[in-house]
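Read off the chains here:
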Amino acid sequence: MPSDPPITRDFLADTLDRLAMLLELKGENAFKIRAYKNGADVVREFSGDIVERARAGDLSGIKGIGSALQEKLQALATTGKMPLYEKVRAEFPDGIFDLLGLSGLGPKKVKVLYEALEVGDLPSLKKACESGKVGDLPGFGKKSVEKILESIEFQASHAERFRLGDVVAVARELRDFLRLHPEANQVEIAGSYRRGKETLHDLDFLVSSGDPESVIEHFTKAEPVEKVELRGDTKASVRLGNGLQADLRVVENAAFPFALSYFTGSKAHNVEMRGRMRDRGLSLNEYGLTPIEGKEGVDVPKIEEERGLYEFLGLDYVEPELRENTGEFEAAADGTLPRLIELENLRGTFHNHTTASDGRNSLEEMGAAAIELGLEYLGIADHSKSSFQANGLDEERLVAQVAEIEKINQNYEADGEKFRLLSGSEVDILKDGSLDFDDSILAQLDYVVASVHNAMTLDEAAMTKRLVKAIENEHVTMLGHLTGRLLLKREAYAVNVGKIIDACAANGTVIELNANPWRLDMDWRWWKTARDKGVLCAINPDAHRVQQLEYLWFGVKQARKGWLRREDVLNTKSLEEIRGWLDR
Ligand code: DGT
Ligand code: CA
Ligand code: CA
Ligand code: ZN
């Protein structure tokens, strides 16, 4: 039996979300289901210690948590169990949540599968698809069977990877926990995390210490550690509560720069580093440098920092995000490495939602949060009318929002506040490439983000043509989440990214780097190409609530991986500059 999960904020929220899903499976009242989903969000975002409040039965007055929910949360926080959830949970097999997690399978379809075929986990779903049973069900044509099989395949091939966004908190927590140990000198997170990869397999912690044993002992006692998989004299591997593996290496102080370089990777980057050292008669590994056989007389440099390794090789320092062996060595040798953008360079951002469509916070709340982050402007781009599932705005509501933003800006002005909201729209690109609003409406906005939210199964040529048509519209400022991918969940739709970049270059259209950790779209592998063709990037959090403005951090990481400099990113411009740029 797996041990009970710790009672945390996430545990409370996830239980409510799961309860909502199960009730949906049972076909319960939609109002009740929404109340639980909403309750999960409230718990997730509550600014105080919600677990403690729930335990103490002190939840009254919190908006979105009614008296029935208060009682349930108190039970859950006190005992780790909620009777209603336990009851409903017992009515379904364990695998049901795996089905609900598949792309393209909502509770309605899972309900049909379960009721008609008793399909309650992935293996039986796969079998039922292959035997033709699913295809015979009403509402499940041949195409949807194919899609389900693809989703199962996709999930299997991405098993055991994690989105960067899902591990940052625990990674920082473990790092800080290691730093608390008095015998831990230097502590870093290496590996794909340090390189800012969009998904990762495990975390790699590196510590320098004269007492590895006690550092390892300390590490295995960390709160998030569920199981110690391996414990050696200088290393350990543990499994965290969320299933993620974390490796720890402890080295002597003198070896730290070598180990940091080695364990940061990538493997391809390390291979090239070693080759360049060998050319100088030196063998490089995670512990240090030694002369190679036959070169015993060669001078071994004294290296005290990772940077020293590059200096010794006559190279500029290569930032971890660039260490993928995709041209960084040549650039480091030529002195042409980019000076990478930093989070502090961002002055505003464009693609954000409010309660007018599917966001959770009002214009004022979003504005206040952006001011708090030190931004000078925040663009509001709520959905357009065709995104009815996201409560998209029609022309009338959009025009009213423009007026409301104008009024809020006047208040800022009156208060001597320099910050401003900008009026935009995330306008749907319809199937034929036309936009959801007429030009006369778009012309009233400060800027326009154009995105695809439906008809994602077009073939590559049709999808590319569709996007190019939107790019060519003079009112379109930028393209939103270019490929529609959801990391580890949904593949990008078919589109020729190279051609899209060319069209954006030809039309002066900006491409968004959507910083939502599920998207990180356009992918970092394309940004250098786009940059070299003169296409500007806009780093947008696509925030649906105030906390998500912090997604900007992920966007900057990906932009850095894509070799982008401050001048390549539109939202490094000041408010005044951006006004001029948008008016041009
Ligand atoms: P991942 O799969 O997201 O965990 O990616 P990494 O890069 O974190 O890979 P990981 O955890 O297997 O290893 C961390 C680093 O250690 C890796 O980037 C480079 C280095 N490394 C590990 N094994 C080898 C190896 O066999 N050869 C070389 N040259 N480097 C290695
Ligand atoms: Ca790793
Ligand atoms: Ca590892
Ligand atoms: Zn969107």
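One can find the structure itself at the top, above this paragraph.
Every chain is numbered on its own, with residues counted from 1 as its sequence reads. Whichever chain is written first is A, and whichever ligand is written first is 1; the rest continue in order. With the structure being a predicted model, the display of local features is reserved for residues of pLDDT at least 70 and the display and counting of side-chain atom pairs for 80 or more, all residues being used for whole-chain, interface and lining totals. Here the side-chain values reflect all heavy atoms present in the structure, with hydrogen atoms and water set aside.

Trainee: Give a detailed account of the pattern of salt bridges, specifying residues and quantitative values.
Mentor: A carboxyl oxygen of Asp or Glu within 4 Å of a side-chain nitrogen of Lys or Arg is what we treat as a salt bridge. Scanning all chains against the criterion turns up 42 salt bridges. Its salt-bridge partner being Glu-229, residue Arg-239 comes within 2.9 Å of it at the nearest N-O pair. Of this pair, Arg-239 sits in strand S6 (residues 235–240) while Glu-229 is found in strand S5 (residues 225–231), placing the two residues 10 residues apart along the sequence. Working definition: with a 1.4 Å probe on protein chains only, accessible area under 20% of the residue-type maximum means buried, over 50% means exposed, and in between means partly exposed. Given a relative accessible area of 26%, Arg-239 falls into the partly exposed group. The salt bridge involving Asp-502 is made with Lys-533; its shortest N-O contact spans 2.7 Å. Of this pair, Asp-502 sits in helix H21 (residues 497–507) while Lys-533 sits in the loop between helix H22 (527–532) and strand S17 (537–540), and the two are 31 residues apart along the sequence. On the basis of relative accessibility, which here comes to 43%, the residue Lys-533 falls in the partly exposed class. Starting at the N terminus, helices and strands are each numbered in turn, a helix being any DSSP run of H or I of at least four residues and a strand any DSSP run of E of at least two.

Trainee: Help me get a handle on the coordination of the calcium ion (ligand 2), residues and values and all.
Mentor: Only Asp-202 (O), Asp-202 (OD) and Asp-204 (OD) from the protein coordinate the calcium ion (ligand 2), and they sit 2.2 to 2.8 Å from it. Sodium, potassium and calcium take a 3.2 Å donor cutoff, other metals 2.8 Å, and in both cases only N, O and S atoms count; water is not among them, so sites may look incomplete. Separating the calcium ion (ligand 2) and the calcium ion (ligand 3) is a distance of 3.7 Å, and Asp-202 donates to both of them. In terms of burial, Asp-202 and Asp-204 fall into one category: buried.

Trainee: Hey, could you go over helix H23 (residues 552–561) for me, with residue numbers and the actual values?
Mentor: Along H23, 9 of the 10 residues are buried, which leaves the element largely enclosed by surrounding structure. Restricting attention to buried positions, one finds in H23 the residues Leu-552, Phe-554, Gly-555, Val-556, Lys-557, Gln-558, Ala-559, Arg-560 and Lys-561. Of the surrounding secondary structure, the elements contacted by the buried residues of H23 are helix H10 (164–179), helix H11 (191–195), strand S10 (348–349), strand S16 (510–514) and S17. Only heavy atoms matter for contacts: two residues are in contact if any of them lie within 4.5 Å across the pair.

Trainee: Tell me about the packing of aromatic side chains, and name the residues and values.
Mentor: Any two of the Phe, Tyr and Trp rings considered here, Trp counted by its six-membered ring, make a pair once their centres fall within 6.5 Å; the pair's planes then place it as stacked at under 30 degrees, edge-to-face at over 60, or tilted in between. All chains considered together, the criterion is met by 9 aromatic pairs. For the ring pair Phe-92 and Tyr-114, a centre distance of 5.4 Å and an interplane angle of 45 degrees mean the geometry is tilted. You can see Phe-92 sitting in the loop between helix H5 (83–89) and helix H6 (96–100) and its partner Tyr-114 sitting in helix H7 (residues 107–117), a full 22 residues away along the chain. Under the relative-accessibility criterion, Phe-92 is labelled buried at 11%. Residue classification places Tyr-114 among the partly exposed residues on the basis of a relative accessible area of 23%. Three or more aromatic residues link up through ring pairs in this structure, and these residues are Phe-350, Tyr-377 and Tyr-447.

Trainee: Lay out the sheet that holds S10 in plain terms, naming residues and giving numbers.
Mentor: In space, the 3 strands of this open sheet follow the order S10-S11-S12, with parallel pairing throughout. In this open sheet, the two strands that pair with only one neighbour each are S10 and strand S12 (420–423). Pairing between strands is defined by DSSP: at least two bridges between them are needed. By the bridge criterion, 2 bridges tie S10 to strand S11 (residues 377–380) in an arrangement that is parallel. Looking across to S11, one finds that Thr-349 is bridged to Leu-378. To obtain each axis, a line is fitted to C-alpha atoms, and for helices this fit is confined to the stretch in contact; angles are then taken between N-to-C directions over 0 to 180 degrees. Sheet strands touched by helix H18 (residues 395–414): S11 and S12. Its angle to S12, the strand with the most contacts, is close to 165 degrees. Along the sheet face, helix H24 (residues 575–583) touches S11 and S12 and points at about 20 degrees away from the line of S12.

Purely geometric stuff here, so don't read any function into it on its own.
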